[in-house]
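Okay, here's what each chain looks like letter by letter:
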Amino acid sequence: MRPAPLDGVKVLEAATLFAGPLAATFLGDFGADVTKIEHPLRPDAARTHGASKDGVGLWFKTLGRNKRLATLDLSSGAEVFLELVRRNDVLVENFRPGTLERWGLGPDVLLAANPRLVIARVTAFGQVGPWSGRPGFGSLAEAMSGFAAVTGEPDGPPTLPPFGLADGITALATAYAVLVALRERDRSGAGQVIDMAIIEPILMMLGGGITAYQQTGYVQPRLGNRSSNNAPRNVYRTLDGRWVAVSTSSQSIAERVLTLVGRPDLVAEPWFATGRERAEHADELDEAVGSWIAARPLSAVMDAFEKAEAAVGPVHDIRGIMADPQYAALETIVAVDDDELGGPVQMQNVLFRLSESPGAIRWAGRRHGANTDEVLAEIGVSPEQLAALRAAGVV
């Protein structure tokens, strides 16, 4: 096997919670040497989010994987931080705009120290504009982007997702932006600043709503599990109390589904010819599909849809995911040995499979400050200097 694709790329992460740290995780999964900086007294709050075992945050085992973990107070350890910057290719940070500048660590200073540095600045609202200085999280992006407005039942309130959707989408966008900037650096030799606002990537994922509104005044309503672009598209309950999702984004699949459930007469209707027109008859289509599914157990529904080459998927909770044969075949869930938890810990694998230079999870998220001595020794900090920094609360 070849070296990992990002082998040799050094990433410094000075970010907390989800969007910035997850972007660094994606880079580390494919070989980047990621060093995560946490405050000596205030570790990343992600360590306390979600479930824990024996006081150990379990989410951080995934979020902190493939990272060396060091502590440093940037407000009092600017010179140490600049020395780290000189030795890295990428900085991922998510401080509120103006914070790094207040510490004497603005982009001008960072790029003077390392002109080849790629600086990814991840904030809720971006570096400019009337909201740039406000605190914010992914939930606000899910609200402001229009996602919440179109999510939920028609007669219910706007609905936020129960997980970090906007942060996750931003993390993917940030990792992509970093690779683009590194590619440009290969040509120009110069680094640059990435301004990533969490409110923007999720807006891009919501499709053509801006253009539709500008051109026609259309405002997408809440439709529950339905779609304004095609039907049938919903979740349906089986005879044994399970749920399945059915989607008919293509015309041929829609025809197969309605033929399967014994309603070829609907396929022959003139309005069945386009997804938009089918969506206008969603009540009738949902009744046809839903009643057929309700009369059969999950196994029979899945078998019949497979034979008909129609699109269906079970609605899994975490137990279904862990037992799903397709995820097993893809090796989507892997076990990683972890000393802190005293055995293997299972988590999602890397995002995609490369045939010749695959990514890998080399270790799970470690203890707070696990690699501080090692990281600072690499930039020339002696044991005596390290002891002094610790005594002063800098690390």
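Description of the structure in this document. The shown structure was predicted, so the numbers you read here are calculated from the model rather than taken from an experiment. (Residues numbered from 1 in each chain as written. Predicted model: local features only at pLDDT ≥ 70, side-chain atom pairs only at ≥ 80, totals over all residues. Heavy atoms only, no water.)

Regarding the overall build of the chain
Piece 1. Scanning the chain from N- to C-terminus turns up 18 helices and 13 strands.
Piece 2. Expressed along its principal axes, the backbone C-alpha trace of the chain runs to roughly 80 × 50 × 40 Å.
Piece 3. Within the chain, the fraction of its 395 residues that count as buried is 44%.
Piece 4. Taking all contacts inside the chain whose residues are at least 6 apart in sequence as the whole, residues at least 24 apart take part in 68%.
Piece 5. Accessible area for the chain stands at about 20,100 Å²; split by element, carbon and sulfur atoms hold 55% of it.
Piece 6. Here the chain carries 37 positive and 47 negative side-chain charges, and the mean point of each set is 2 Å from the other. (Helix = DSSP H or I, 4+ residues; strand = E, 2+ residues; numbered from the N terminus. Buried < 20%, exposed > 50% of the residue type's maximum accessible area, 1.4 Å probe, protein only. Contact = heavy atoms within 4.5 Å. Areas by Shrake-Rupley, 256 points an atom, 1.4 Å probe, with all protein chains shown as cover. Lys, Arg positive; Asp, Glu negative; His and termini not counted. Charge placed at Lys NZ, Arg CZ, Asp CG, Glu CD.)

Some details on the packing of helix H1 (residues 19-29) against helix H7 (residues 165-188)
Piece 1. Two elements in contact, H1 and H7, have axes separated by 8 Å at closest approach and are oriented at 50°. Considering the angle they form, H1 stands oblique to H7. Read as a crossing pair, H1 and H7 show a hand that is right-handed. Contacts between H1 and H7 pair Ala19, Leu22, Ala23, Phe26 and Leu27 from the former with Asp167, Gly168, Thr170, Ala171, Leu172, Thr174, Ala175, Val178 and Leu179 from the latter.
Piece 2. Class assignment of the residues belonging to the contact of H1 with H7 gives a composition of 10 nonpolar, three polar and one charged. (Axes fitted to C-alpha atoms, helices over the stretch in contact; angles between N-to-C directions. Parallel < 35°, antiparallel > 145°, perpendicular 65-115°, else oblique. Left-handed = near helix turned anticlockwise from the far one by under 90°. Nonpolar A, V, L, I, M, F, W, Y, C, P; charged D, E, K, R; others polar.)

Here we look at the pattern of salt bridges
Piece 1. Within this structure, the stated rule accounts for 22 salt bridges.
Piece 2. Between Glu83 and Arg86 there is a salt bridge, with its nearest N and O atoms 3.0 Å apart. Remark: Arg86 and Glu83 occur in helix H3 (residues 78-86); sequence separation between them is three residues, near one turn of the helix.
Piece 3. With a closest N to O distance of 3.0 Å, Glu101 and Arg121 form a salt bridge. (Salt bridge = Lys/Arg side-chain N within 4 Å of Asp/Glu carboxyl O.)

As for the packing of helix H10 (residues 251-260) against helix H13 (residues 282-294)
Piece 1. Relative to each other, H10 and H13 sit at 55°, their axes nearing to 9 Å. Between H10 and H13, the interaxial angle falls into the category oblique. Here the hand of the crossing between H10 and H13 comes out left-handed. Side by side, H10 and H13 meet where Val257, Leu258 and Leu260 of the first sit next to Leu285, Ala288, Val289 and Trp292 of the second.

Notes on the side chain of Thr238
Piece 1. Positionally, Thr238 belongs in the loop between strand S9 (234-237) and strand S10 (243-246).
Piece 2. Reaching out from Thr238, the side chain makes a polar contact with the side chain of Asp240 at a distance of 2.5 Å.
Piece 3. Those residues in contact with Thr238, other than ones at most four positions away along the chain, are Val244, Ile293, Ala294, Arg296, Pro297, Leu298 and Val301. (Polar contact = N/O pair within 3.5 Å; in protein donor to acceptor, adjacent residues only side chain to side chain.)

As for H7
Piece 1. Compared with the 34 Å implied by 1.5 Å per residue over 24 residues, the 34 Å span of H7 between its first and last C-alpha is a close match.
Piece 2. In the segment just after H7, Gly189 is the residue with positive phi, at about 85°. (Expected span 1.5 Å × (residues − 1).)

Some remarks on the pairing of strand S6 (residues 90-93)
Piece 1. Both faces of S6 are covered, namely the face carrying Val90 and Val92 and the face carrying Leu91 and Glu93.
Piece 2. Note that strand S1 (residues 10-14) and S6 share four bridges and pair parallel. Within the sheet, the bridge partner assigned to Ala14 lies in S6 and is Glu93.
Piece 3. Of the strand pairs in this sheet, S6 and strand S7 (residues 118-123) are connected by four bridges, and their pairing is parallel. Opposite Val90, over in S7, you have Val118 as the bridge partner. (Pairing = 2+ DSSP bridges.)

Quick notes on the nonpolar core
Piece 1. Of all hydrophobic cores here, the largest spans 39 residues; its most connected members are Val11, Val90 and Ile194.
Piece 2. At the level of secondary structure, the elements contributing two or more residues to this core comprise H1, S6, S7, H7, strand S8 (192-197), strand S12 (333-338) and strand S13 (343-348).
Piece 3. When residues in this core are grouped by element, the largest group, 10 residues, is from H7.
Piece 4. For Val11, the residues in contact, after removing those within four places along its chain, are Leu27, Ala32, Asp33, Val34, Thr35, Asn88, Val90 and Val92.
Piece 5. Within the second largest apolar cluster, 26 residues are counted, among which are Leu72, Leu84, Leu117 and Val395. (Core = buried A, V, L, I, M, F, W, Y, C linked by side-chain atoms within 4.5 Å.)

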